[in-house]
Amino acid sequence: AAALKPAKKFKPIDYPKPDGKISFDKLTNVSFTNTYHGEDQPVHLVVKDMALQKSSEHDVYAGPSARYCPAGVYEWIEEGGELKFQINSQNCIHCKTCDIKDPNLNINWTVPEGGGGPAYPNM
Ligand code: SF4
């Protein structure tokens, strides 16, 4: 988190699209992890202060969670004219990056129920 700088100091990087042969989109890579979550388990990703998330993570840092999270868990979406921080917690692969990379340490990752995590069958 201490290494993050405001977005206005940088230009967006135009990364090449995945080719589907040696590089894949995020959700395809998430499916390769075979991470399983019980349907009714308690929320394991908690944003402590949602107003701070909007005023800082979105407005100052341009929503880095949408890029550093390898599983596409975090999205800023517009709903009824309002910006909403959507958390697709079912996609989480438990790398814990959000817990240490959020610019305000405003996201708390906790161990999922049952201690689940990635299960790569061919490694
Ligand atoms: S621990 Fe955080 S950064 Fe890692 S996959 Fe889950 S939500 Fe994304």
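Predicted, not measured: the structure shown is a model, and the values here were computed from it. (Residues numbered from 1 in each chain as written. Predicted model: local features only at pLDDT ≥ 70, side-chain atom pairs only at ≥ 80, totals over all residues. Heavy atoms only, no water.)

A.B. asks: Explain the side chain of His-37 residue by residue, including any values.
C.D. replies: Relative to the helices and strands, His-37 is located in the loop between helix 1 (26–32) and strand 1 (45–47). From its side chain, His-37 meets the backbone oxygen of Cys-92 in a polar contact 3.4 Å long. A polar side-chain atom of His-37 sits 2.9 Å from a polar atom in the side chain of His-94. When near neighbours in sequence (up to four residues on either side) are disregarded, His-37 contacts His-44, Ser-89, Gln-90, Cys-92 and His-94. (Helix = DSSP H or I, 4+ residues; strand = E, 2+ residues; numbered from the N terminus. Polar contact = N/O pair within 3.5 Å; in protein donor to acceptor, adjacent residues only side chain to side chain. Contact = heavy atoms within 4.5 Å.)

A.B. asks: An account of the nonpolar core is requested, with residue identities and associated values reported.
C.D. replies: Counting residues in each nonpolar core, the largest one holds 15 residues, and the members touching the most others are Leu-45, Val-73, Tyr-74, Cys-98 and Ile-107. At the level of secondary structure, the elements contributing two or more residues to this core comprise strand 1, strand 2 (74–79) and strand 4 (107–109). When residues no more than four places from it in sequence are discounted, the contact partners of Tyr-74 are Leu-45, Ser-65, Ala-66, Cys-69, Phe-85, Gln-86, Ile-87, Cys-98 and Ile-107. (Core = buried A, V, L, I, M, F, W, Y, C linked by side-chain atoms within 4.5 Å. Buried < 20%, exposed > 50% of the residue type's maximum accessible area, 1.4 Å probe, protein only.)

A.B. asks: Explain the pattern of salt bridges to me, using residue names and the numbers behind them.
C.D. replies: Throughout the structure, instances matching the rule amount to 3 salt bridges. Across the pair Glu-79 and Lys-84 runs a salt bridge, and its minimum N-O distance is 3.7 Å. Taking relative accessible area as the criterion, Glu-79 reaches 45% and is therefore assigned partly exposed. (Salt bridge = Lys/Arg side-chain N within 4 Å of Asp/Glu carboxyl O.)

A.B. asks: Let's hear about the environment of Ala-2: which residues, and what values?
C.D. replies: Among the structural elements, Ala-2 can be located in the segment before helix 1. Looking at Ala-2, the relative accessible area reads 83%, which means it is exposed. The spatial distance from the C-alpha of Ala-2 to the C-alpha of Cys-98 is 13 Å, given a sequence separation of 96 residues.

A.B. asks: I'd like to hear about helix 2 (residues 50–58), residue by residue, with values.
C.D. replies: Among the residues of helix 2, those classed as buried are Gln-53, Ser-56 and Glu-57. Looking straight down helix 2, one finds its buried side chains confined to an arc of 100 degrees; they lie on one side. For helix 2, the capping residue at the N-terminal end is Asp-49, with a side-chain oxygen 3.1 Å from the backbone nitrogen of Ala-51. (Arc of directions from axis to C-beta.)

A.B. asks: Could you give me a rundown of the pairing of strand 3 (residues 82–87), with the residues and numbers involved?
C.D. replies: Examined bridge by bridge, strand 2 and strand 3 share 6 bridges and lie antiparallel to one another. Considered in strand 3, the bridge of Trp-76 is made with Phe-85. Taken together, strand 2 and the strand that follows it, strand 3, pair antiparallel across an intervening segment of 2 residues, in which Gly-80 is found at a positive phi of about 60 degrees. (Pairing = 2+ DSSP bridges.)

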